[in-house]
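Structure assessment
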Amino acid sequence: RLRKRPSKNVNVLLVLSQSCVWYGECGMNPEGKSYNCKYTGLPIPLPKDGYDLMQELCPGLFFDNVSVCCDVQQLQTLKNNLQLPLQFLSRCPSCFYNLINLFCELTCSPHQVDFLNVTNTVPYYDPVTQKNKTSITELQYCIGESFANAMYNACKDVEAPSSNDKALGLLCGKDAKDCNATNWIEYMFSKNNGQTPFSIIPIFSDISVHGMSPMNNATKGCNESTDNVTGPCSCQDCSLVCGPKPQPPPPPAPWLLLGLDAMYVIMWIAYMGFLLVFFAVIFGVWCYRKRHLVSEYTPIDSNIAFSVNSRHDNGEASCGERLGERFENCLRLTFMSWGAFCVRNPRPVVLFSLVFIAMCCSGMMYMKITTKPVDLWSSPSSQARKEKQYFDTHFGPFFRTEQLIIRAPHSKPHIYSPYPSGADVPFGPPLDKDILYQVLDLQNAIENITASYDNETVMLKDVCLAPLAPYNNNCTILSVLNYFQNSYSVLNHSVGDEFFVYADYHTHFLYCYPAFLAKKDLCHVFIVGFSVFSLQPLPFLRIDENYNNATALVITFPVQNYYNETHKLMRALAWEKEFISFVKNYQNSNLTISFSAERSIEDEINRESNSDISTVLISYAVMFLYISIALGHIKSCKRFLVDSKISLGIAGILIVLSSVACSLGIFSYFGIPLTLVVIEVIPFLVLAVGVDNIFIIVQTFQRDERLPGETLDKQIGRILGDVAPSILLSSFSETVAFFLGTLSTMPAVRTFSLFAGMAVFIDFLLQITCFISLLGLDIKRQERNQMDILCCIKGGEEDSEVEHSESILLLFFKDLYSPCLLKDWMRPIVVCTPSLIVRLDQENLFEPNINHSRKLRTDSYVMDYLNYLSKYLHAGPPVYFVLEEGHSYTSLEGQNMVCGGVGCNNNSLVQQVFTAAEIDSYTRIGFPPSSWIDDYFDWVKPQSSCCRVYNTTGQFCNASVVDVSCMRCRPLTEEGKWRPQGGDFMKFLPMFLSDNPNPKCGKGGHAAYSSAVNFINNNSDVGATYFMTYHTVLKTSADFIDAMKKARIIADNITETMGIKEKNYRVFPYSVFYVFYEQYLTIVRDTIFNLCVSLGSIFLVTTVLLGFEVWAAAMVSITIAMILVNMFGIMWLWSISLNAVSLVNLVMSCGISVEFCSHVTRAFTVSTKGSRVERAEEALFRMGSSVFSGITLTKFGGIVVLFFSKSQIFQIFYFRMYLAMVVLGATHGLIFLPVMLSYIGPSVNKAKTRAAQERYKRTERERLLYF
């Protein structure tokens, strides 16, 4: 026989001698594997019953009379031993062609003597032929280096889809990246791999050595076809076919000006430009005043405002001014009449209010509270929620995870020194054998945890994930102890003598973790590899390097999750509850255990809500106490209980809380569930709004003096006519803004806006009805000298009429604060300071973020778990690329659009995900996808022993079954070797998905793919399917958000390139975290939308209710916008992330800001003083003092209490943000806004001034107001 031997320049033809080194089988090794019989004669013609096997396995030797050095039994043994490599490598025909060439030459070549050398034999007596024979137990195999390298290069890229890894990672005894040509062949030829019956020592050389010529047959590259029918390997299995590795797009270049961040430069230039223009205008006005000797109270624009005490006419009022005056007068008269009516008829009004409250509150019987995180943060109509629903209904929900992170704080790292040679290997503290014993005790104890539900006993085995069930019901437990079969005896086993230990659990661990599929380690210690829980590593098990340096052990107990199976789900929840209780109470001083169950987050959120009730109640109690005392104006100690308004304050607070209860009840009637955000935030909001209104009404009455002949009802009516438009302005602005907030798609924001808008509106109605009646009753009590609370007892001093009085706070604002703030030298400082803060806030204005630990109490066990999770566990979450129902898998075209093997499209689904994994740093797709369809094609090949049926019944026959009636599913013909299509595809697919992997068939799809394929039409067609891979390690919120965005881009591109964009199905990605992070894809847009809608509605309502004062409404809106911008700055400085909770607080701060700004602005517009400065000063001391006492001081006391909460969500999102919104609201509404009004506030409304002049002409009121 002639063989070409490669050389650098020429091909040398070698004439090879025909002679064997073995023939036939004789004897067995201790594991039951057959030895070959030594034979040194000429090749023997193969019996005809072996022709089919020879053509199937070694067609290159099927010529002439087929004289070879093997018999039929040896061919059958070769076929059996090649099953696993066939199943994993035949997806690349060139790779398997080279591999089979290696073994065919070894087993049957008629020229064995040229490259094989027998080095060890044992005698054997054949009981059948009764002859003495010689069994070969060791030989040398001279393999050409060129051949070995070519074979490795053709196979190194071949994928194993079910494990998201390279096939050589499963067949080399090492991780794929550590595998090379020599150690791969050495591992395959080692008898310690559990497959090879005797040692075959490979010698790699391209020249003759030890009298042997190398076996250097011609090879096929992975980019070459093996015949005229089969194409080259796919891009996924051959990098040469793919071409250059794709490169991620370069990151966008930073926007720079003058070498600095452009936004930074622009904001500084804008700020400096503003200061320049502002001070230039101030200087110009100052010079103008000096030249014309104009008073400092003259407005900047020199337009002297019209005043009622001027004796000359300054022109006619405009049409807009007259319209505003008429609207204002209409509101004043309406509220005046209504106030007088409520005071005259207190009992009917109060009774009607109580009936209304009772009717609304009765709806709380139907109240539902949502605590599920998914329902809180993800809208049912959102893309991620719909995709989750689709995934759960077609494939079942993602399994529930119970996880332990175990550390050994008292153990120290130790060094293992291999014997007789080898480098020292460090082992981390938890890999001490005593610690592993204790961890195994814990693991076994958890397996035996017993729970009870509905009179049923529930154990882990009843709820665990068992992917091989019903054939193997063992639970899946992801634990390092699987390497030791979860056995004390295996863990303790060692090999050695009285002097030295050759191998123990150290050597086994070092061998096992990179070769977890091995059946036997190379140190003769254990028969291991396959876990007792699963015969195949599950797709979600990731293998990393340097496990021996571990500082912690992670043990995961996957538990079944259920969709619409409440009873089964409740059983799992019951077991999880006992699991949490058990681990909490587990005592072992050598172990530190951090843990979490699937239900832990929800449980802890509920516990947080319940445990912080006391904190919230104390906070409200502080506010209640302040309100009750601050409302009264005590003249003397003797009249303390007469002049106090404790009962009125309590009544006002109860009205505020009743409005909240009414809102809850009304929407509960309609079945709208509450959220924790609503319960925690809305009372705070409505208290701020309601208490402010109460202070304005009561303090305005206290400062007012009853006119001659005026009765109490008319006095309160007149006061209500003055202040109710201002209350209507703030309340209606907030109501409209909140109701428009329901346009948001975020459930937490939408629900909050709905309940808040209704609560504020009802609070306004109750305050102008019930509270006014109660105020009238309280004043009558005071006038009758009856004590507060103890109303039947009279006080010591008679006082028939309640005299007007000015509080200390009012005097402070009137005599000290307002004049000082509006000094010429102070006002420029005030204007410039907020401008600087606004500029600083532009940096990192929107930075969406989420941190689950912030939702929990600081003393929660989950906090400890989350901290260590990010420290010790470095595994990316799984992601599923789901192909919706509608695709045709039975046609060749449909298969090529999806699969990733030979003949598949270069832009197929699997290939595009594979390409994305090539640039994982950009796409955040960490690994090639697991492809059920590619593994199915490998499984169904007629050369494989996987797909077999009983020839009598047609039922599936597992590869491990030994039965002569089992026959291959498809014929070993050219047609049979093609992919199954049409009816054949659907006929064998259910068999594949029910087949458990085993040593004879590692491609069984039951464990990896049983849930990946959804059958429709009575199992006659394939519906939705998924292809799973993993994201890269994701640590920050930005990582999670970017991963979701990139996965969606990939899926959209797949949908487009598959040409199914116009059809009724698509490809979409799904991962368990998408529903929580999707809000952050649109959080900036949602924030801008919600706040702009709120500001726009506030502007429109304020314009109308201020009597069409457009400029005044604009100033209110601008000031509120500045408060919001500064809120973002505070959030950034105080590490408050932008998420649904903080967005709710921002919407709320928009409402509270109206309270700080609208009252002062309206007081400015109705003031009839001569200049803007005077009008601003009057507005500030008249309304500012009420706003300060009603909101700022009230809320400040309640906010401080929140600081002591153990809940991080209270400390961060409530204490910090509430404090910020109150401080910013007060500084802008009571400092910045009055100053801006003094500069550029609207001119006085001439129509309103003339109306006021006529109304108070020749009355004491005229003197009080204008002189």
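Here, residues in each chain are numbered from 1, in the same order as that chain's written sequence. Since the coordinates come from a predicted model, pLDDT governs what is reported: local features require at least 70, and pairs of side-chain atoms require 80 or more to be given and counted, while whole-chain, interface and lining totals use all residues. Side-chain numbers here rest on the full set of heavy atoms in the structure, without hydrogens or water.

Per an unreviewed UniProt entry, the protein chain goes by NPC intracellular cholesterol transporter 1 and derives from Chelonoidis abingdonii. UniProt positions are given in the numbering used here, feature names are shortened, and annotations may be inferred rather than shown by experiment. Per UniProt, the protein chain carries the Sequence similarities (unreviewed entry) text "Belongs to the patched family." Looking at the protein chain in UniProt, the text filed under Catalytic activity (unreviewed entry) is "cholesterol(in) = cholesterol(out)".

1. Brief notes about the pairing of strand 22 (residues 553-559)
In this scheme, a residue with accessible area under 20% of its type's maximum is buried, one over 50% is exposed, and one in between is partly exposed, where area comes from a 1.4 Å probe on protein chains only. Going along the chain from the N terminus, every DSSP run of H or I of four or more residues is numbered as a helix, and every run of E of two or more is numbered as a strand. Of all the seven residues making up strand 22, six are buried; the element is thus mostly covered by neighbouring parts of the structure. Bridge count for strand 15 (residues 400-407) against strand 22 is seven bridges, and the pairing is antiparallel. For T401, the partnering residue across the bridge sits in strand 22 and is P558. Pairs of strands are assigned from DSSP output, requiring at least two bridges between the strands.

2. Quick look at the sheet that holds strand 22
Ordered by their spatial adjacency, three strands build an open sheet running 22-15-23, and the pairing between neighbours is antiparallel. Looking at the sheet topology across the chains shown, the edges are occupied by strand 22 and strand 23 (592-596). With strand direction ignored, the average angle separating the axes of adjacent strands in the sheet is 15°. Throughout, a residue-residue contact means that at least one pair of heavy atoms, one from each residue, lies within 4.5 Å. Axis angles are defined between N-to-C directions and span 0 to 180 degrees, where every axis is a line fitted to C-alpha atoms and, for a helix, only to the segment in contact. Of the strands in this sheet, strand 15 and strand 23 are in contact with helix 29 (residues 861-872), which crosses strand 15 at around 75°.

3. A few points about the state of the cysteines
In protein chemistry, a disulfide is the covalent bond that joins the sulfur atoms of two cysteines. In this description, the term disulfide denotes a pair of cysteine sulfurs within 2.5 Å. Inspection of every chain in the model, using the stated rule, returns 14 disulfides. Across the disulfide, C92 is cross-linked to C233 (sulfur-sulfur distance 1.8 Å). Of note, the bridge from C92 to C233 carries an S-S torsion of about 75° and is right-handed in sense. Of the two residues, C92 sits in the loop between helix 3 (83-89) and helix 4 (93-108) while C233 sits in the loop between strand 11 (199-204) and helix 9 (239-242), which places them 141 residues apart along the sequence. A sulfur-sulfur distance of 1.9 Å marks the disulfide that ties C95 to C155. Disulfide C95 to C155: torsion about the S-S bond roughly 105°, handedness right-handed. Here C95 is found in helix 4, whereas its partner C155 is found in helix 6 (residues 145-155), with 60 residues between them in sequence. A disulfide-free cysteine, C342 has its sulfur positioned 9.2 Å from the sulfur of C770, the nearest such atom.

4. Things to note about the sheet that holds strand 28 (residues 1013-1016)
Spatially, four strands are ordered 28-29-25-30 in an open sheet, and the strand pairing comes out antiparallel. Each end of this open sheet is capped by a strand with a single partner; those strands are strand 28 and strand 30 (1067-1070). Within this sheet the neighbouring strands show an average axis-to-axis angle of 20°, counted without direction. Sheet analysis places strand 25 (residues 878-883) next to strand 29 (residues 1021-1030), joined by six bridges and oriented antiparallel. Paired with F881 across the strands is F1027, a residue of strand 29. Those strands touched by helix 31 (residues 909-918) are strand 25, strand 29 and strand 30, and its axis lies near 10° from that of strand 29.

5. Points about the nonpolar core
Here, nonpolar core refers to any group of buried Ala, Val, Leu, Ile, Met, Phe, Trp, Tyr and Cys residues whose side-chain atoms link them within 4.5 Å. One finds F752, W932, W939 and F985 to be the most contacted residues of the largest nonpolar core, which totals 218 residues. Broken down by element, the residue count for this core peaks at 19 residues, all from helix 43 (residues 1208-1240). Other than its neighbours up to four places away in sequence, F985 contacts Y889, T890, Q895, W932, I933, Y936, F937, P980 and V1022. C104, L116, F147 and A160 belong to the second-largest nonpolar core, a separate cluster that totals 64 residues.

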